[in-house]
Every structure is written in structure tokens, then in C-alpha cells.
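# Descriptive analysis of the structure
This is what each chain is made of:
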Amino acid sequence: MDSNDDGNVKTAKMTKANKKVLRKQMKASHLLLKHEGIETVSHSTQNLVVANGGLGNGVSREQLQEVLRESGSVERLLMPPNKPYSFVTYGCTEDARRCHAALNGRQLQCQGHTATLYLCFVDKVGLYSGISAEMPPGLKVLENFVTPEEEAQLLEAVDWTSCDGGGNDDAVQKTLKHRRVKHFGYEFRYDNNNVDKNKPLPGGLPAVCGVVLERCLVQNHISIRPDQLTVNEYQPGQGIPSHVDTHSAFEDTILSLSLGAKTVMDFRHPDGHSVAVMLPRRSLLIMKGESRYLWTHGITPRKFDMVPVSNTEKPVTVTPDPCDLTLNERGTRTSFTFRKVRHKPCDCVYPSACDSQQALQVPLPRTLPGTDVDAVRLESQFVHSVYEEIAGHFSNTRHSPWPRVGDFLRSLPPGAMVADVGCGNGKYLGINPSVFTVGCDRSRNLVQICADRGFQAFVSDALEVPLRSGVCDACISVAVIHHFSTQERRLAAIRELVRVLRPGGRVLLYVWALEQEYHSQKSKYLKERGVSPLERTGPTSAVQTDTNISAARLDQPELSIHMNRMAFSSQDLLVPWHLKGSVQKNSQGPGLPGTGGRQPVSRGDPVYHRYYHVFHEGELEELCRRVRNVTMESSYYDQGNWCVILQKTM
């Protein structure tokens, strides 16, 4: 075999070890193309992709830079977050060629395991502009709020030698799944996520905390002295599930000191927007207003955090900028969280997340529809009206097509006629320009967004699509059928899709899955999985439905309001949508027709609820088997969704 003039891969007189490296390199190139869309080239360039050399598999920026600089001048190193690869650009092609020859097959010892590097040339590397993220409203992090001496005194004041639930009467200590915890002033009970306000612990808060709390008062971080302290100790690899501190238990401002080590805390808005905030050692976290009442906060259990290189010790948000990320090994961190126990019901401006205000709401019928008329009313209130209200905000959160849906559309022959039933903002309508695609949706506002983007779309109910029978070569229905509230209506929606197909035509169905963890892999949606009842925080409530919906049988399941980014507790539920930044009109009542299933909110951003029926494993296939004249081409699980491809036989 001839040798490559570029020096990219030398195949003459290859040793057994070299052949193995070449096979691994080719495999890495194939996987990068298949899973990441990264296309490698055979000729030499200044740019290399380093497979197995990324933050996602435990390789730090400092460690990788050290070996890359052995081959020449590195102009830029991009390390995308959570990915097992990185990109390096050298000052000249010769340096890149030297690196390619020297480092292919190089083993790095990192974070307790061995990473073997495989390098391939790429023509170009994407440019990344400055990426920034704002902290949640009401959130502050003050660095070096306590001195090293004060830190030592605070840590010494906590006696971890006492037994769980015991010790002296001044404090209560427990060992939880992810950490150990000690309570002072009042015990926080994880069985009901509240405190017993009539049973204060006799010892109060440790005296050593007085200096810190006085400093907070003097600097106007708080207006009243806290009377409850929770101390959490986190070993590397431990964390705390995402949660909102119970509204009815504590007043507005919450203070938390980070002692012993720094960490990254994740904050998430109910609409799915998340911000990672670095908490340096000896810093003070202050949560007020929206950040305290509405955003969840938690710490992912892991031994290493991704942190910015430029501000490794500053209280900043951690952005996904691949030019400025590295790994930080966690140490043992102890948090001192100070709170003031609340003795009156909470009247905050976030009632959808407030257990006090939800408890005051008058319960109305909350069962699934017993008749088709009830189903139509429920879907009108909690699906159709909601999407009309949230269309703009919803569209702004729907950018990236799901890869396997895109693969299905790109597999269609040129000139094929395709219908996207329930097209939303039209993100799939332009995937394959060689086919003719038309979309329809129940929401006029979403159809208008499609038109504004230059797509062909019209308003239609998915149960009565105004297309001739047998006119389409393919149909897709992505995240639509789970909005129908009875099995009969879900089946009718599938039959309508099959009706418009020609014989031999195919339809792709996607529905939300009950199982948000499958084959030991969590879906992207799932924030925390397997959280025990003792650690689950935040309110849950039954939904208030339209009083016009007829009374259902007592044995019918109830609708519940789902807590976003948590595992599903039932198949039929309402999922909140917080319409951020909107001015709400006065509401006439909870979930009345025309209000889009809106909660009775008098202040703050309006909250809407969308009805979902999440499918359990095998349910979609069983439903499709009841449809005549189709065969099931394939079925699969894709990132929290059950999916089926059907082919029409006649």
C-alpha cells in the first residue's frame, strides 16, 4: 500500500499497534459523523478534532493543552460542554500534522480512568462569539463573605459524631441518600417538606453564627434575623435534588454559605430555562423574590464540575462557551442555609408554585372526561386555548428539529407529498427542500408563525384534516396525539393520518413517554429521577377544571399538576407553562373557558396548563394495532418519547 503524501496516515509497513490505532481512528471518525455530524477529511489542515479528549469524558483543558503544545503553537482549543471530544487549531498545518502523528493512540490518565486520544483532520471549526447568561432575578452571590478563620470556626461548631436523629436536643441530625444534614432552631421534615412551628429546638442557632447574621443585617441583605439553620455536608459525588424551598415554611430571603469547597448550583425556571451558577468557597448565596419562590435550585451529584477558566474563583454563571471551560474537582463542601420560619400563609406573586395559595383554592371536579363532549371541552380549555395564548413564547423555545424526525423526512424521495399534522411553528416544514411539505395546526397563531416563515400551513383539527384520502406519500405527527384526552380520540387521530396516505405511504408518530428513564439513560427532559418522597420538594396539587365538565365517575383517575423536569407520577396530567414577561389580564375564575387553562393569578407572570396523556411502554404500538390496513415498520424510544413508523398497505 502507498503512503499518504500528506502524512495524514502512513500505511506502509504498519505495525500491529499502528493498525489498531488506525482502526480506532476510523471508528472514531465514523462515530463523530453519525452522532455529532462532524465530518473529518483525509488531507491535512490546521484543525483537528480530538476524539476521547473532551470534558464529557473527564479530560481537563489544562491536561489536554499540555500534550497538544508538545507539537507546536496552539491557536485555539474548543471544548464543548459535556462532549467527549474537542477541537484544536494550530498556527500552521505542519504543527497539526505533527500532532496527528504523535498523539493518535496517546493515553491520558485522568479522573481515575484512562482516555485514549484519536485525532482526525477537519476543514473548519465553528466560530463562537461571546456567550453570556444572567443570574435569576433576585439572586446574588457575594464572594469571600466570611474569612478563613470564621470558616474554620463555623465548621468546628457542627458536631457530626452524634447519631442520626439523635445527639443532644439542640439539633437534629440525619443521613440522607445524597448527603448528611443537621438542623438547628427548627427541624426541617422531609416527609412533608415543612417545619413543625410549635416545636422549636431548644438550643437555637450556634452562637458562632451570630457574627455572620449580624453582618447580613448591617449590610441590608436581610431585615429580620433567621431562626432556622440547615447544615448540609456534601462529599465529592453527592448533591441535592432540584427543588423550591417550601413557601409556607419560610419567609422570602434565604441565605446559604459555601464552606470548605466551591461547587456549581443549577437554577431552572419552570419554562425550562436553566442557569448554572458557581458558588466559590466562603461565598454567600442570597435568594430573594423570583429566584427564591419560582426557580428550582439543586446540585447535580458528580465529582467534577465544568467551570470557566477565566473566573475559576468568581461567583459567575457557567456558560457553554467552549473557549472558556475546564474541569474542577469537587472537595468536601458544607453549606450553612439560614431561613426565617413563616407563621402566616405565603401571599407571594407566584401562586402556581405556592403551597399556601393552592391550599386556599376551592376544589372543583378534577377527573378525566366521561364523555366525548367532556373531552372536547377539556381539550379546548387545556390544549387549544393554551397554545393560542402561548404561541409566540412557545415558538421561541422550539428551534432544533429532533434528529430522527429529520432523518425520516430526508429519507423521502424527491417530489414526495408530506403532511405535518400538528406542525406547531413549522420547524420540520423546511427540513427536506426536495419534497413538498404542508403543515396544519389547531392554533391560528402558530399557523401564522409558519406563514411568516414562508411555509405552507393551514388551520385544522387533527381529527378532520381537509386533505383528500390517499394524497400523501408521508405524514408526521410529532408531539400531538398525547394531547387527546381519551383513547378513542387518540385512535381516531391515528386513523385520520392513515386516511390521507396513499398505499405504501408511511407515517411517523411521536408521543411523550411515561418512562423518562429507559435502559438506564435519563431523557433530556428529566431533571431528577428516582427522588425519594423524603427529598422531593415543591408543591403539587390537583387541577381546577371547568365546572361545565360533567361530573365523572368516582373510579376515574384524577388530573394532577405535573412538576416540570420531574418524573411523571401519572399518565394523565397538566403541565405548567409560565408565560415569562407577559402582562396578565384579570381572570374571572380558575380555568374558565377562554382563559386557556390559566391559573387564577392576580400578580406576576401568568401560568397556563396543557393537558397530556403520557404513553407507557407498548401502549402506542397496541393502539396502532387497532388501525386497519397498516403494518408497523418500526417502533423505538427517542429521548423520552415513544415512536412508531407505520406503512399503509392498501
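Residues numbered from 1 in each chain as written. Predicted model: local features only at pLDDT ≥ 70, side-chain atom pairs only at ≥ 80, totals over all residues. Heavy atoms only, no water.

What follows concerns the overall build of the chain. When its secondary structure is counted, the chain shows 12 helices and 34 strands. Considering only residue pairs separated by 6 or more positions, the chain has 71% of its internal contacts joining residues 24 or more positions apart. A total of about 29300 Å² of accessible surface is found on the chain, and carbon and sulfur atoms cover 49% of it. (Helix = DSSP H or I, 4+ residues; strand = E, 2+ residues; numbered from the N terminus. Contact = heavy atoms within 4.5 Å. Areas by Shrake-Rupley, 256 points an atom, 1.4 Å probe, with all protein chains shown as cover.)

So, about the side chain of D266. Locating D266 in the fold gives a position in strand β15 (residues 263–268). On the basis of relative accessible area, D266 is assigned to the buried category, the value being 13%. (Buried < 20%, exposed > 50% of the residue type's maximum accessible area, 1.4 Å probe, protein only.)

Next up on the list: the sheet that holds strand β3 (residues 85–90). Taken together, four strands build an open sheet; the order of strands is β2-β3-β1-β6 and the sheet is antiparallel. Of all the strands in the sheet, just β2 (74–78) and β6 (118–122) have a single pairing partner and so form its edges. When strand polarity is set aside, the average angle formed by the axes of neighbouring strands in this sheet is 25 degrees. As defined by bridge partners, strand β1 (residues 47–51) adjoins β3 across five bridges and the pair is classed as antiparallel. For A51, the partnering residue across the bridge sits in β3 and is Y85. Helix-sheet contacts for helix α2 (residues 61–68) involve β1, β2 and β3, and the interaxial angle to β2 is about 145 degrees. (Pairing = 2+ DSSP bridges. Axes fitted to C-alpha atoms, helices over the stretch in contact; angles between N-to-C directions.)

What follows is about the packing of aromatic side chains. Each aromatic ring pair is characterised by the separation of its centres together with the angle its planes make. Throughout the structure, instances matching the rule amount to 12 aromatic pairs. For the pair Y85 and F87, a centre-to-centre distance of 5.7 Å together with 75 degrees between the ring planes defines the contact as edge-to-face. A relative accessible area of 11% means that F87 is categorised as buried. Centre to centre, the rings of W512 and Y612 are 4.8 Å apart; their planes meet at 65 degrees, and the pair counts as edge-to-face. Taken together, the residues W512 in strand β27 (residues 501–512) and Y612 in strand β32 (residues 607–613) connect sequence positions 100 residues apart. You can call Y612 buried: its relative accessible area is 6%. Grouped by ring-pair contacts, the aromatic residues F188, Y190 and F250 constitute a single cluster. The lysine or arginine in question, R215, covers the ring of F145, its NZ or CZ lying 5.7 Å from the ring centre. Positioned above the aromatic ring of Y636, the side-chain terminus of R404 is 3.7 Å from the ring centre. (Phe/Tyr/Trp six-rings, centres within 6.5 Å; stacked < 30°, edge-to-face > 60°. Lys NZ or Arg CZ within 6 Å of the ring centre and 35° of its normal.)

Close reading of the predicted structure is inappropriate where its pLDDT is low. This prediction gives the chain a mean pLDDT of 83; 82% of its residues lie at or above 70. Below pLDDT 50 for its whole length, residues 1–11 participates in 22 contacts with residues either more than four positions away or in separate chains. In this model, residues 164–168 is a region of pLDDT below 50 whose contacts with residues beyond four sequence positions or in other chains number seven contacts. (pLDDT = per-residue confidence, 0-100.)

Moving on, we come to the sheet that holds strand β33 (residues 630–637). Strand order across the open sheet formed by seven strands is β25-β24-β23-β26-β27-β34-β33, with mixed pairing between neighbours. For this open sheet the edge positions go to β25 (457–459) and β33, each flanked by a neighbour on one side alone. The average angle at which neighbouring strand axes cross in this sheet is 15 degrees, direction not considered. In this structure, strand β24 (residues 436–441) lies alongside β25, joined through three bridges in parallel fashion. Bridge pairing in β25 places D441 opposite V459.

One can find R292 in helix α6 (residues 289–293). Although R292 is buried, it makes no salt bridge; D252 carries the closest opposite charge, 4.6 Å away. Apart from the residues lying within four places of it in its own chain, the contact partners of R292 are V244, D245, T246, H247, F250, E251, D252, I254 and M287. (Lys, Arg positive; Asp, Glu negative; His and termini not counted. Salt bridge = Lys/Arg side-chain N within 4 Å of Asp/Glu carboxyl O.)

Attention shifts here to the pairing of strand β7 (residues 139–142). Taken residue by residue, a regular strand's side chains alternate between the two faces of the sheet. Judged by which residues are buried, β7 turns out to be one-sided: L139 and V141 face inward and are buried, whereas K140 and L142, on the alternate face, are not. Pairing geometry for β7 and strand β17 (residues 284–287), over four bridges, is antiparallel. The partner of K140 across the bridge, within β17, is I286.

Here D245 lies in the loop between β13 (240–243) and β14 (254–259). Under the relative-accessibility criterion, D245 is labelled buried at 6%. Put simply, D245 and W295 are 50 residues apart on the chain and 9.7 Å apart in space, counted from C-alpha to C-alpha. Polar contacts involving the side chain of D245 include one to the side chain of H297, which spans 3.3 Å. Within the local environment of D245, its side chain forms a polar contact with the side chain of R339, the two groups lying 2.6 Å apart. (Polar contact = N/O pair within 3.5 Å; in protein donor to acceptor, adjacent residues only side chain to side chain.)

Right, let's get into the pattern of salt bridges. As enumerated under the stated definition, the model contains 21 salt bridges in all. Between R410 and D407 there is a salt bridge; the shortest N-O distance is 3.4 Å. Of the two residues, R410 and D407 both sit in helix α9 (residues 403–410), three residues apart, roughly one turn of that helix. Here D407 falls in the partly exposed class, since its relative accessible area comes to 45%. R502 serves as the salt-bridge partner of D473, at 2.4 Å between the closest nitrogen and oxygen. Taken as a pair, D473 in strand β26 (residues 472–478) and R502 in strand β27 lie far apart in primary sequence, 29 residues in all. Members of the salt-bridge network, linked through shared partners, are E151, R281 and R282.

Residues C472, C475, I481, I494, L509, L620 and L646 are the most contacted members of the largest nonpolar core, which totals 34 residues. For this core, the secondary structure elements donating two or more residues are β23 (417–421), β24, β26, α11 (487–499), β27, α12 (619–624), β33 and β34 (641–648). Broken down by element, this core gets its largest block of residues, five residues, from α11. Beyond its immediate chain neighbours, meaning those up to four positions away, L620 contacts I494, L509, V511, F615, W642, C643 and V644. Membership of the second largest hydrophobic core comes to 29 residues, among which are V50, L55, V88 and M306. (Core = buried A, V, L, I, M, F, W, Y, C linked by side-chain atoms within 4.5 Å.)

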